[in-house]
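Descriptive structure summary
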Amino acid sequence: MKRAMMLMLCIGALLAKDLPLSEQKTELLKLKRQKIEEDADIQKRSWVSPLIFSLSSSRSKDTSDMQSETNSAGLEWSQDLFRSGGIYYTIEQADALRQANLLGIDIEEAGYLKQVYTLKSQIERNTLKRKQSELTLKNRDIDLFIIKAKYKAGSTDISELNRATIDRDTARTALIVIKNTLRNEVYELKKLVGQEKSDTVFLPDVPLIAKSQYLKRQLELLQYESKDKSDDAAWKITRASYLPRLTLNGSYGYSDYQSDLIDYSGDNYRYGAVLSIPLDVNTKATVESSRLQLLQTRTAQLDRRVELQQEYDKRLFTITDYEEKIAVAEEMISMYDELYEFTDNQVKAGFKSAYELESLGNSVQIQKYEKEIQRYNIVIEKISLYFDTKQ
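First, a word on what this report is: a plain description of the structure on this page. Along each chain, the written sequence defines residue order, and numbers are assigned to residues from 1. Reporting of local features is limited, given that this is a predicted model, to residues whose pLDDT is at least 70; pairs of side-chain atoms are given and counted only at 80 or more, and all residues count toward the totals for whole chains, interfaces and linings. Note that the side-chain values use all heavy atoms of the structure and ignore hydrogens as well as water.

Describing the overall build of the protein chain
Only DSSP runs of H or I with at least four residues qualify as helices, and only runs of E with at least two residues qualify as strands; both kinds are numbered from the N terminus onward. Broken down by element type, the protein chain carries eight helices and four strands. Our radius of gyration looks at C-alpha atoms and nothing else; its globule reference is 2.2 Å times the residue count to the power 0.38. Its C-alpha atoms give the protein chain a radius of gyration of 37 Å, clearly above 21 Å, the size a compact globule of 391 residues would have. Seen along its three principal axes, the alpha-carbon backbone of the protein chain occupies a region of about 135 × 45 × 40 Å. Split into buried and exposed, the 391 residues of the protein chain put 34% on the buried side. Should any heavy atoms of two residues lie within 4.5 Å, those residues are counted as being in contact. Counting contacts in the protein chain only where the partners sit at least 6 residues apart, residues at least 24 apart contribute 82% of the total. Per-residue and other accessible areas were derived by the Shrake-Rupley procedure at a 1.4 Å probe size, with only the shown protein chains allowed to occlude residues. For the protein chain, the accessible surface area stands at approximately 23700 Å², while carbon and sulfur atoms represent 55% of it. Positive and negative side-chain charges in the protein chain, numbering 57 and 60 respectively, have mean positions lying 5 Å apart. Working definition: with a 1.4 Å probe on protein chains only, accessible area under 20% of the residue-type maximum means buried, over 50% means exposed, and in between means partly exposed. When charges are counted, Lys and Arg are positive and Asp and Glu negative, with His and the chain ends excluded. The atom standing in for a charge is NZ when the residue is Lys, CZ when it is Arg, CG when it is Asp and CD when it is Glu.

A closer look at the environment of leucine 55
Note that leucine 55 resides in strand E1 (residues 52-61). Setting aside residues no more than four positions away along its own chain, leucine 55 makes contact with Ser72 and Ala73.

Things to note about the side chain of asparagine 377
Along the chain, asparagine 377 falls in helix H8 (residues 354-386). Polar contacts, as counted here, are pairs of nitrogen or oxygen atoms within 3.5 Å of one another; within protein the pair requires one atom able to donate a hydrogen and one able to accept it, and residues that are adjacent in sequence qualify only if both atoms are side-chain atoms. At 2.8 Å, the side chain of asparagine 377 forms a polar contact with the side chain of arginine 125. If we skip the residues at most four places from it in the chain, asparagine 377 touches Arg125 and Tyr322.

Structural notes on the packing of helix H3 (residues 86-153) against H8
Fitted lines through C-alpha atoms give the axes, limited to the stretch in contact for helices. The angle between two N-to-C directions lies from 0 to 180 degrees. Here H3 crosses H8 at 165 degrees, and the two axes come no closer than 9 Å. With respect to H8, the element H3 is oriented roughly antiparallel. The two elements H3 and H8 meet at a crossing, and its hand is left-handed. In the scheme used here, Gly and all other residues not listed as nonpolar or charged are polar, with Ala, Val, Leu, Ile, Met, Phe, Trp, Tyr, Cys and Pro taken as nonpolar and Asp, Glu, Lys and Arg as charged. Partitioned by chemical class, the residues of the contact of H3 with H8 number 14 nonpolar, twelve polar and ten charged. What sets the label is the angle itself: under 35 degrees gives roughly parallel, over 145 gives roughly antiparallel, 65 to 115 gives roughly perpendicular, and the rest give oblique. The handedness criterion is simple: a crossing whose near helix is rotated anticlockwise from the far helix by less than a right angle is left-handed, and one whose near helix is rotated clockwise is right-handed.

Observations concerning the environment of glycine 104
Among the secondary structure elements, glycine 104 is positioned in helix H3. Note: C-alpha distance between glycine 104 and glutamine 301 (197 residues apart in sequence) is 15 Å.

Below you can see the structure in the form of structure tokens.
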């Protein structure tokens with residue numbers, strides 16, 4: 001267990017140091033995180049009211065032709081000192097929402113990494129599939145050549161020849177399809193990592209994460225936990241908004257007045273405190289709506305946890321299926337090796353043709369490729385589980 005944890009930490013440190021993504025995607029993720037941090041700071045200080053500074057100047061003339069001029073400057077501030085806990089919950093919500101949004105970027109980044117390493121695995125796997133298809137096509141060509149010779153010799157009928165021809169054409173089509181699939185996967189990888197990085201991406205040795213660790217560190221569940229804290233704080237803020245609040249008011253100003261009759265100038269100020277409580281017919285409904293949003297988030301989290309438990313089990317069973325296919329391939333290799341050795345002796349003795357020996361040799365290599373293909377399928381499943389978690 002300790003070894004697996006150390007391996008995960010090493011992989012996480014490696015990926016954090018140099019993301020295998022294009023410069024543009026890396027920069028975009030960085031900017032998104034910076035914006036979230038700035039928005040969180042703004043929200044944490046949103047309870048602080050601005051200090052209003054004002055300047056004014058006016059001139060007037062009445063019907064008696066008397067003129068006057070007024071110039072003034074002033075500062076004004078109205079600040080809540082107490083909101084029945086609303087100020088504390090505002091700061092708490094900002095921190096929780098910040099964490100939830102940052103986890104959203106982590107999920108986006110993990111999605112990119114999952115795509116990159118899944119595509120890399122698929123490219124390496126399908127490169128083997130292409131080689132496998134090429135050998136399968138060679139075997140179908142050999143089969144067609146032998147059956148065609150038998151048909152001309154009258155030792156087989158047209159249905160066998162048709163079957164061999166169809167099998168050969170099917171193998172040719174399969175090779176075309178896998179080549180096209182492989183080419184598209186290379187293009188998709190270049191879109192994610194950039195032209196210059198596509199050949200430098202390597203597959204990390206991703207461990208199979210334990211179910212308990214998977215559910216503990218799963219990114220979506222962690223985000224739900226932060227959303228829960230945010231919604232809980234939002235509910236308390238809503239509730240506090242209908243409770244008493246204490247507001248401090250203050251202003252200071254200077255005025256200068258000049259007219260044809262009188263001139264004066266001087267400063268003025270005022271300060272005081274207001275204790276208020278809103279009386280709103282929608283208080284109960286608004287608070288309840290906020291509470292229901294919190295309950296909705298918690299229920300969604302529980303529902304998603306159940307889904308992810310099943311998702312983990314499904315991938316684990318899929319891995320088991322691939323391991324069984326590896327065991328089958330090993331059995332096939334053993335059987336073909338035995339047949340190859342027997343046929344080799346028969347060829348040397350003149351009882352079998354070199355074509356049959358070549359076909360068996362190809363079949364051995366096809367099964368060896370099959371083992372590696374299934375190993376890549378297992379890696380793909382591990383990648384999906386690993387990059388769903390917080391590293």
